Amino acid sequence: MPIITKITTQKKRKDRYNIFVDEKYAFSVDEEVLLKFQLKKGTSLDDLLLAEIQFHDEIQKAFTDALNYLSYRMRSESEIRLYLKKKETEEPIIKEAIHKLYSFNYLDDLEFAKAYVRTHVNGGNKGPTTLKLELKEKRGTRKVGCRGIEGIPL
């Protein structure tokens, strides 16, 4: 059974760690995954544990990518899904990353719709019909539209 012989931080990304098995580089993981699985020198790795580590690391990568995408402006769930699909992220990974975004309240389609409409009503030259069409394109699985958003006249 392979055993972890060394763990080092990456030079460019201090939140990622290189894992060495039997003195040879094997893979890298995010800091959260390292802590979750309590990976340390001397830890034995079987195939099932390796697969689980890789799965959780892929989720963390997708989550980090989505956070970076969200850092520029609010996004709908649909926009995040499309962004991650363009980065060739698999659907189960996208689903878990989206769930994680909701659990940290980084994603909220209703708040996104309110902010989007408020921004365009106050400073834009788009009419209600155009805003409704744009929101329909951006909405996620929660089916948020312009109707019923309290406090925003259309």
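Before reading on, note that the structure itself is shown above.
Heads up: these notes are all about the structure in this document. (Residues numbered from 1 in each chain as written. Predicted model: local features only at pLDDT ≥ 70, side-chain atom pairs only at ≥ 80, totals over all residues. Heavy atoms only, no water.)

## A look at the nonpolar core
Across soluble globular proteins, nonpolar side chains have a tendency to be buried as a group. Our working definition: Residues enter a nonpolar core if they are buried and are Ala, Val, Leu, Ile, Met, Phe, Trp, Tyr or Cys, with the set joined through side-chain atoms within 4.5 Å. In this scheme, a residue with accessible area under 20% of its type's maximum is buried, one over 50% is exposed, and one in between is partly exposed, where area comes from a 1.4 Å probe on protein chains only. The way it works is that DSSP assigns letters per residue, a run of H or I at least four long becomes a helix, a run of E at least two long becomes a strand, and they are numbered from the N terminus. Contact definition: two residues touch when any of their heavy atoms are within 4.5 Å.
Residues Ala62, Leu70, Ile80, Leu84, Ile98, Leu101 and Leu107 are the most contacted members of the largest nonpolar core, which totals 15 residues. Those elements that place two or more of their residues in this core are helix H2 (47-70), helix H3 (77-86) and helix H4 (91-103). Residues within four places of leucine 70 in sequence aside, it is in contact with Arg75, Ile80, Leu101, Tyr106 and Leu107. Core analysis: the second largest hydrophobic core is formed by 13 residues, Tyr17, Val21, Phe27 and Leu39 among them.

## Here's the deal with the pattern of salt bridges
Heads up, the condition is: A side-chain nitrogen of Lys or Arg and a carboxyl oxygen of Asp or Glu constitute a salt bridge if their distance falls within 4 Å.
Counting across every chain of the model gives 10 salt bridges. Here lysine 61 makes a salt bridge to glutamate 58, at a shortest N to O gap of 3.6 Å. Here lysine 61 pairs with glutamate 58, and both are found in helix H2, just three residues apart, close to one helical turn. Linking arginine 81 and glutamate 77 is a salt bridge whose minimum nitrogen-to-oxygen distance equals 3.0 Å. Of this pair, arginine 81 and glutamate 77 are both found in helix H3, four residues apart, which corresponds to roughly one turn of the helix. Glutamate 77 carries the same exposure label as arginine 81, and that label is buried. One network of salt bridges, in which partners are shared, links Arg16, Asp57, Glu58 and Lys61.

## So, the pairing of strand E1 (residues 4-9)
As a reminder, the rule being used: Strand pairing follows a simple DSSP-based rule, namely that at least 2 bridges must link the two strands.
Pairing geometry for E1 and strand E2 (residues 16-21), over five bridges, is antiparallel. Bridge pairing links isoleucine 7 to isoleucine 19 in E2. Between E1 and E2, which pair antiparallel and follow one another directly, the connecting turn spans six residues.

## Observations regarding H3
Turning to H3, its buried residues number three or more, namely Glu77, Glu79, Ile80, Arg81 and Leu84. Buried residues along H3 sit in contact with H2, H4, helix H5 (109-123) and helix H6 (128-138). Glutamate 88 sits one or two residues past H3 and shows a positive phi near 60°.

## Comments concerning the sheet that holds strand E3 (residues 24-30)
Definition in use: Each axis is a line fitted through C-alpha atoms, and for a helix only the stretch in contact is used; angles between axes span 0 to 180 degrees, taken between their N-to-C directions.
Overall, antiparallel pairing links the three strands, which are arranged E1-E2-E3 in an open sheet. Each end of this open sheet is capped by a strand with a single partner; those strands are E1 and E3. Here the strands of the sheet are splayed against their neighbours by 25° on average, with no regard to which way each runs. Looking at chain direction, E2 and E3 are connected through six bridges and run antiparallel. Bridge pairing links isoleucine 19 to phenylalanine 27 in E3. Contacts between H2 and the sheet are confined to E2 and E3, with E3 contributing the most and set at about 45° to the helix.

## Concerning H6
Helical periodicity: at 3.6 residues per turn, an α-helix aligns residues three or four positions apart in one direction. We apply this condition: By arc we mean the arc of the directions from the helix axis to the C-beta atoms, nothing more.
Residues Leu131, Glu134, Leu135 and Lys138 constitute the buried set of H6. Down the axis of H6, the smallest arc covering the buried residues is 100°, so these residues share one side. Residues of H6 that are exposed and point over 90 degrees away from its buried face: Thr129, Lys136 and Glu137. Buried positions along H6 lie against H3 and H5.

## Some words on the environment of lysine 6
Tracing the chain through its elements places lysine 6 in strand E1. Along the sequence, lysine 6 and tyrosine 25 sit 19 residues apart, while their C-alpha atoms lie 8.7 Å from each other. Sequence-distant contacts of lysine 6, that is, excluding residues within four places in its chain, are made with Asn18, Ile19 and Phe20.

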